[in-house]
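# Architecture at a glance
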Amino acid sequence: METSEQEEHYPSGWHRTFYTMWLGSFITGAGYSMTMPFISLFINELGNFSRFQLNIYSGLAFAATFVSQAIVSPLWGNLADRKGRKLMCMRAAGVMAITIFCVGLAQNVWMIIGLRFLQGAFSGYINNATALMAGETPRSHSGWVMSAMATAGVAGNLVGPLLGGVLSGAFGYRIPFFITGGLMFLNFVGTSLLAKEHFKPIKKEKMKPLRQIFQELDNPGVIIAMFFTTMVVISSSMSITPIISLYIKSLMHNQGNVALVAGIVAATPGLGTLIAASKVGHTMDRIGPKVVLRTGLMVAFVLFIPMTFTHSAWSLAFWRFLLGLANAALNPAIQTVLTLDVPAEAFGRIFSVNQSFQAVGAVMGSLIGSVISGLFNYPIVFAVTGLTLLINMVVILVVLRTRQPQV
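A brief look at the structure comes next. Because the structure is a prediction, the values reported are computed rather than measured. (Residues numbered from 1 in each chain as written. Predicted model: local features only at pLDDT ≥ 70, side-chain atom pairs only at ≥ 80, totals over all residues. Heavy atoms only, no water.)

## A word on the nonpolar core
As a reminder, the rule being used: We define a nonpolar core as any set of buried Ala, Val, Leu, Ile, Met, Phe, Trp, Tyr and Cys residues linked to one another through side-chain atoms lying within 4.5 Å. Buried residues are those whose accessible area, probed at 1.4 Å on protein chains only, stays under 20% of the maximum for their type, while exposed residues exceed 50% and partly exposed ones sit between those limits. In this text, helices come from DSSP runs of H or I with a minimum length of four residues, and strands from runs of E with a minimum of two, each type numbered from the N-terminal end. Whether two residues are in contact is decided by their heavy atoms, any of which lying within 4.5 Å being enough.
In terms of nonpolar packing, the biggest core is built from 105 residues, with Met21, Met226 and Ile248 touching the most fellow members. Ranked by the residues each element gives to this core, the list is headed by helix α11 (residues 220–238), at nine residues. Not counting the four nearest positions on each side in its chain, isoleucine 248 is found in contact with Val258, Val261, Ala262, Val265, Ala313 and Leu316.

Here it is in structure tokens:
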């Protein structure tokens with residue numbers, strides 16, 4: 001089918017919705033990264049914890065959100081395919097505004113963990129925004145739009161740690177949670193008023209079961225491989241996130257503005273991804289997302305080797321910046337494969353299943369990073385993370401070279 005014939009099925013006003021979804025995803029990413037890199041330092045102020053206890057509590061605080069997210073995401077995805085993705089974005093923004101604000105009021109670590117668990121049960125703004133745009137965007141622009149949507153969260157992850165580090169250092173660790181809650185409320189209002197979704201509700205009894213959709217795919221193994229790759233990629237990121245401020249603290253020997261330096265180190269991958277994302281998006285539209293994904297996994301694995309042996313916060317920031325360049329080829333490539341290989345009627349459920357794998361990866365990464373750093377040391381976390389990326393790359397090479405018959 002010619003491009004012009006494909007695009008006539010898509011509404012011409014999708015650009016404003018794209019800008020709204022991009023800004024909403026940016027706010028969500030900024031709000032998350034404004035608070036999460038410093039939550040271990042916040043927890044440290046709430047009690048007299050040993051090094052092992054602090055690592056474990058930090059890991060639990062990170063993992064709690066993703067445990068509940070993994071459980072409920074498929075249910076939200078089913079509802080998204082029946083009621084629309086815009087409604088899911090509004091639900092996520094509204095509840096996150098409340099729960100994140102309340103974390104700033106927490107008086108002990110278990111309040112933080114409980115609120116994070118509740119937040120995860122209603123989260124999913126970025127994934128639903130991506131699914132919404134997957135259905136609104138002409139396929140000839142899918143690679144660029146998916147990469148652009150990824151830059152929203154990435155840009156937020158770049159700005160958030162820097163702003164959070166400044167605010168935490170100047171006013172304490174609670175203030176970023178209050179500000180994030182307010183921003184998510186504005187996100188809720190903006191999404192409800194500005195985003196347009198040309199969605200035709202599907203009756204529950206007329207929806208194809210997800211199993212049937214998989215059976216009708218030309219190569220369902222590729223979709224399953226994308227789910228597991230999502231899990232590994234997110235795990236590789238989250239294994240570092242809970243401990244990054246504690247690691248920086250040890251590298252700086254508890255001297256200087258630890259929160260600000262930790263914020264800079266946490267932000268450097270976002271800067272790299274932001275720089276590379278547009279180029280990667282156009283490259284995917286030209287040569288295909290699967291080639292880009294394989295290359296990104298290989299480069300990411302190689303970059304974890306020097307990170308394992310670094311002894312300087314600024315050296316770590318440099319290697320994480322380069323890792324951000326590689327990350328620009330990972331999640332957007334996965335989402336583009338899902339967009340191109342899955343029918344539009346199943347976008348909500350497929351992206352929600354993918355979100356469940358993201359959540360499982362986040363839980364695994366948070367707990368693995370916390371336990372390994374608690375039992376051994378911080379550099380071992382980087383070594384294990386790099387090894388998982390190498391294994392994933394090998395699996396992807398095998399799966400993508402094996403053409404499976406239609407089920």
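## A short note on the layout of surface pockets
Selection rule: Whether a set of points on the 1 Å grid over the protein atoms alone is a cavity depends on a 1.4 Å probe fitting there but being unable to get out, while an open set qualifies as a pocket with protein on both sides within 12 Å along at least five of seven lines; lining residues are those with an atom within 4 Å of a point. Grid points are joined across faces, edges and corners, and a volume is the space filled by probe spheres set on the points. Three residue categories are used. Nonpolar comprises Ala, Val, Leu, Ile, Met, Phe, Trp, Tyr, Cys and Pro, charged comprises Asp, Glu, Lys and Arg, and polar comprises the others, including Gly.
Taken as a whole, the second largest pocket encloses approximately 170 Å³ of empty space. Lining the second largest pocket are Met231, Val232, Ser235, Ser236, Ser239, Met364, Gly365, Ile368, Val381, Val384, Thr385 and Thr388. Those elements that place two or more of their residues in the lining of the second largest pocket are α11, α17 (347–375) and α18 (378–401). Split by residue class, the lining of the second largest pocket holds six nonpolar, six polar and no charged.

## Topic: the side chain of serine 239
To be explicit about the condition: Think of a polar contact as two N or O atoms within 3.5 Å of one another; within protein, one of them needs to be a possible hydrogen donor and the other a possible acceptor, and neighboring residues in sequence only count if both atoms come from side chains.
Within the fold, serine 239 resides in the loop between α11 and α12 (244–251). Overall, the relative accessible area of 3% leaves serine 239 in the buried class. Of note is the side chain of serine 239, whose polar atom sits 3.2 Å from the backbone oxygen of serine 236. Within the local environment of serine 239, its side chain forms a polar contact with the side chain of threonine 385, the two groups lying 2.7 Å apart.

## Thoughts on empty space enclosed by the protein
Under the definition given, this model contains two cavities of 30 Å³ or more. Counted as a void, the second largest cavity has a volume near 30 Å³. Residue lining of the second largest cavity: Gly31, Tyr32, Thr35, Met36, Ile100, Arg116 and Gln119, and that is the complete set. Every element with two or more residues in the lining of the second largest cavity is listed here: α2 (14–35) and α6 (109–121). Ranked by residues supplied to the lining of the second largest cavity, first place goes to α2 with three residues. Class assignment of the residues belonging to the lining of the second largest cavity gives a composition of three nonpolar, three polar and one charged.

## Points about the packing of helix α4 (residues 51–83) against α6
Convention followed: Between the N-to-C directions of two axes lies an angle of 0 to 180 degrees, each axis being a line fitted to C-alpha atoms and, for a helix, fitted only over the stretch in contact. Comment on the angle field: the value is read as roughly parallel under 35 degrees, roughly antiparallel over 145, roughly perpendicular from 65 to 115, and oblique elsewhere. Crossings are classed by handedness, with left-handed meaning an anticlockwise turn of the near helix from the far one by less than a right angle and right-handed meaning a clockwise turn.
Between α4 and α6, the shortest axis-to-axis distance is 6 Å and the interhelical angle comes to 25 degrees. As summarised for this structure, α4 and α6 are arranged roughly parallel, according to the angle between their axes. The handedness of the crossing between α4 and α6 is right-handed. Two secondary-structure elements touch here, α4 through Tyr57, Leu60, Ala61, Phe62, Ala64, Thr65, Phe66, Val67, Ser68, Gln69, Val72 and Trp76 and α6 through Val109, Trp110, Ile112, Ile113, Arg116, Phe117, Gln119, Gly120 and Ala121.

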